[in-house]
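Examination of the molecular architecture
So the chains spell out like this:
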Amino acid sequence: MAAATVGAASSSGATSGTVVGATVPSATAVDGSACAPASAATNLGTVLAGSTVFSSAACTVTFGSSNDSATLRIAQSDGRGVAFARPTDGTLFSSFGTGGVGTVAGTAVDDIEAMLVQPDGKVLLGGDSGNSATVTRLKADGSLDTTFGTSGTVTRTVGFDDHVLALSLQADGKILVGGRTWGGSDNDGFVLRYDTTGVADGTFGTGGLVNITHGGVRHENVAALAQRPDGTIQLFGFDNQSVSTTRLLASGARDTSWRPAGEAAYPTGADIEVTSAATMADGRMVLAGAGNTYSDFLVARLNADGTLDTTFNGTGMRTIDDGGSEMIRSIAVDATGRITWAGYAGNDVSLGRLLASGANDPSFRGGGRFTLDPSAGGVDRADRLDVLADGRLLATGSATVGGTERPWLGRFLATGANDPSFGTGGSLILSAQAAGFHAGGVVAEDGSVIAGGRTTGTVRPTATKLVGVPVPDFVSGVNDWTTSNGTFGVCLETAANTVAADWTAAGGGGCTPGATTMWHAVPAAVSTVRAAATATSQTGTVGFRFGFRAAANQAPGAYLAPITFDVIAPAA
């Protein structure tokens, strides 16, 4: 892009500004972008942890005075000297899809029940088309990824009435798909594996397919997937009236070294549904859903060997009856073993937390659980729960307003209290698409929130993106903008007329990382004088190159710094 004039003055003072940004991902590409006009962000592109990048073109700043000398100051405009990312307040990410919504036109899908955001930002949406299992992939910008499958979609007929319920990405980029199908007399679970382009992986099972059946007329499904460090794959779901889990080798064969048949199932005495699961650091497994013929919340915990963990509620299982129809749709387990969940009770959203013992967590809102009615009388549900880096909770689902199902998001403090900085009192109902987020939401590496669901009418896969949540500094409690520990910085590239500067111009338009005469952290104190036009030449022009220095342990996230150019001139 062409260099931009950021600010000029011929009065007693003037201020202009821009935003400088850089992203630290876990990816490997480096892209230093050119400076953008002051009205837009100067994007330094992708910066690997432990490296430094500078803008590839200079931002030119012209300033001056009509009657005397003028001084240019540059500072971080919030005055705090702390790196940050744009906070999620419910604002749509306008550059994603169309106005923040990416919809796959012309693809009829009956439902969307699973989603996954890849490290490169691409979005996988799993559902069913007709009676077949379907996965669609969107690019990071919300458009259809036509390099995946056939025109962006892969479809596989497993049996009859196939449903995709879970997605997982292997370290090598291969995609695991879990779900259920009608086998003629009962439901059977299944797992599919595709390569990075959506081609069935012939080294897995039979032509990329593994059927999960436990014999007899029994209803099975695969509601969640987890890949273990040794390369085996753990499947979670239910088997008739039993909580069940199955372990596969990387080839898709049963892992009989874990259990004789590679599976474990524990009766509950009534019809149940398992919808979510989590694996703890010590190998124990938590499963959740609905028990007692879908009328109660259900949580179970298994030991690493697949046996019931009787330190949880004395039996390994707990059902919770709130007097109606209840279901847990998503869980998260923290380092202390507390289980936080989201789902629905009757027509309301429900969130709760259990201690590692299985007892209600009294420090959580409502003494352990509470309900929420975001639509004020409609049918509401939460389908996914994410725990953010700062401990806050993000729930995504749907709210029915005026008979129309709409996407709903709620953000809560770690205690379960509504987060007043999000939406309206912590709750947000979107009208951008007339359908709920049955696939839930995912917090991407840049801190943004991507929620998957479907449109109504001709049902189509869709994803909605919201701007990111705050990203913590890589050094807690340290002023990252000091010269010795600067994260964002600038270097003076050229000097025109008789500009007096306390920076040395970088020869040849370069900017050497770490050179004290060229690299300066952008200060939080606006009193710092950076360049001046003398009385003999009232106008000065300087060119700046912005840089971002990422520490070796820099957290992934979209780091932004609001930079202000301030011109000080005597009154006429």
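Residues numbered from 1 in each chain as written. Predicted model: local features only at pLDDT ≥ 70, side-chain atom pairs only at ≥ 80, totals over all residues. Heavy atoms only, no water.

1. Looking at the overall build of the protein
The helix and strand inventory of the protein stands at 0 helices and 39 strands. A burial count over the protein gives 52% of its 572 residues as buried. Considering only residue pairs separated by 6 or more positions, the protein has 56% of its internal contacts joining residues 24 or more positions apart. For the protein, the accessible area works out to roughly 21100 Å², and carbon and sulfur atoms hold 52% of it. (Helix = DSSP H or I, 4+ residues; strand = E, 2+ residues; numbered from the N terminus. Buried < 20%, exposed > 50% of the residue type's maximum accessible area, 1.4 Å probe, protein only. Contact = heavy atoms within 4.5 Å. Areas by Shrake-Rupley, 256 points an atom, 1.4 Å probe, with all protein chains shown as cover.)

2. Here we look at the environment of E263
Residue placement: E263 occurs in strand β18 (residues 263-267). The spatial distance from the C-alpha of E263 to the C-alpha of L248 is 9.0 Å, given a sequence separation of 15 residues. Dropping the residues within four chain positions of it, E263 is found in contact with H214, T245, T246, R254 and W258.

3. Some points on the sheet that holds strand β23 (residues 326-333)
Strand order in the open sheet made by the 4 strands is β23-β24-β25-β26, with antiparallel pairing throughout. In this open sheet, the two edge strands, each paired with only one partner strand, are β23 and β26 (369-372). Across the sheet, the mean angle from the axis of one strand to that of its neighbour is 20°, orientation sign disregarded. Looking at chain direction, strand β24 (residues 339-345) and strand β25 (residues 348-354) are connected through 7 bridges and run antiparallel. Paired with A342 across the bridge in β25 is L351. (Pairing = 2+ DSSP bridges. Axes fitted to C-alpha atoms, helices over the stretch in contact; angles between N-to-C directions.)

4. Notes on the confidence of the model for the protein
Looking at the protein as a whole, the pLDDT averages 75, with 62% of positions reaching at least 70. Confidence over residues 1-41 falls short of pLDDT 50; this stretch has 139 contacts with residues more than four positions distant or in other chains. Low confidence marks residues 469-485, where pLDDT is under 50. Its contacts with residues over four positions away, or in another chain, come to 52 contacts. (pLDDT = per-residue confidence, 0-100.)

5. Notes on empty space enclosed by the protein
Applying the stated criterion across every chain yields a total of 1 cavity of 30 Å³ or more. Its boundaries defined by the atoms lining it, the largest cavity holds a volume of some 50 Å³. If you trace the largest cavity, you find it lined by I212, H214, E220, N221, V222, L235, F236, G237, S244, T245 and T246. Every element with two or more residues in the lining of the largest cavity is listed here: β16 (233-239) and β17 (242-248). Considering only residue class, the lining of the largest cavity consists of 4 nonpolar, 6 polar and 1 charged. (1 Å grid on protein atoms, 1.4 Å probe; cavity = no way out; pocket = protein on both sides within 12 Å on 5 of 7 lines; lining within 4 Å. Points joined across faces, edges and corners; volume = space filled by probe spheres on them. Nonpolar A, V, L, I, M, F, W, Y, C, P; charged D, E, K, R; others polar.)

6. Concerning the nonpolar core
Counting residues in each nonpolar core, the largest one holds 17 residues, and the members touching the most others are F236, V243, I272, V274 and L287. Broken down by secondary-structure element, the contributors of at least two residues to this core are β15 (224-227), β16, β18, β19 (273-279), β20 (285-291) and β21 (296-302). The element best represented in this core is β21, accounting for 3 residues. Look past the residues within four positions of F236 in its chain and what remains in contact with it is N221, V222, A223, A224, A226, S244, T245, A277, T279, M285 and L287. A133, V158, V177 and L209 belong to the second largest nonpolar core, which has 16 residues in total. (Core = buried A, V, L, I, M, F, W, Y, C linked by side-chain atoms within 4.5 Å.)

7. Observations regarding the environment of Q170
Structurally, Q170 is set in the loop between β11 (160-169) and β12 (175-182). Overall, the relative accessible area of 12% leaves Q170 in the buried class. A C-alpha to C-alpha distance of 7.3 Å links Q170 and Q227, two positions 57 residues apart in sequence. Once you skip the residues sitting within four places of it in the chain, Q170 turns out to touch L176, R193, Q227 and I233.

8. Concerning the pairing of β26
Burial of β26 is one-sided: the residues F370 and L372 facing one way are buried, the residues R369 and T371 facing the other way are not. Where β25 meets β26, 4 bridges bridge the pair, whose relative direction is antiparallel. Pairing of L351 across the sheet is with F370, part of β26.

9. Some words on the pairing of β20
Burial analysis of β20 places 7 of its 7 residues in the buried class, which makes it a mostly covered element. Bridging between β19 and β20 involves 6 bridges; their strand directions are antiparallel. By the bridge assignment, T279 is partnered in β20 with M285. Linkage of β19 to β20, two consecutive antiparallel strands, is achieved through a turn of 5 residues, within which G283 is found at a positive phi near 95°. As judged from the 7 bridges shared by β20 and β21, these two strands associate in the antiparallel manner. What sits directly across from G289, in β21, is L298.

10. Comments concerning the side chain of D361
The residue D361 is located in the loop between β25 and β26 in this model. Within the structure, D361 has its side chain in polar contact with the side chain of S363 (distance 2.7 Å). (Polar contact = N/O pair within 3.5 Å; in protein donor to acceptor, adjacent residues only side chain to side chain.)

11. As for the sheet that holds strand β13 (residues 187-194)
Within the open sheet, the 4 strands sit side by side as β11-β12-β13-β14. Their pairing is antiparallel. Of all the strands in the sheet, just β11 and β14 (209-212) have a single pairing partner and so form its edges. In this sheet, adjacent strand axes meet at a mean angle of 25° when their direction is disregarded. Sheet topology note: the β12/β13 ladder contains 8 bridges and is antiparallel. Counted as the bridge partner of R180 is G189 from β13.

12. As for unusual backbone geometry
Positive phi is not limited to glycine here, since N292 has a value of about 50°. Secondary-structure assignment places N292 in the loop between β20 and β21. Judged by its relative accessible area of 34%, N292 is partly exposed. One non-glycine residue, A376, lies in positive phi territory at about 55°. Position of A376 relative to the elements: it lies in the loop between β26 and β27 (380-387).

13. Observations concerning the pattern of salt bridges
For the coordinates displayed, the defined rule picks out 18 salt bridges. Linking D201 and R193 is a salt bridge whose minimum nitrogen-to-oxygen distance equals 2.7 Å. The pair formed by D201 and R193 is uniform in burial state, with each residue classed as buried. One salt bridge in this structure joins D383 and R329, with 2.8 Å as the shortest N-O distance. Here D383 is found in strand β27, whereas its partner R329 is found in strand β23, with 54 residues between them in sequence. R329 carries the same exposure label as D383, and that label is buried. Three or more residues are tied together by salt bridges with common partners; here these are D282, R284, R301 and D309. (Salt bridge = Lys/Arg side-chain N within 4 Å of Asp/Glu carboxyl O.)

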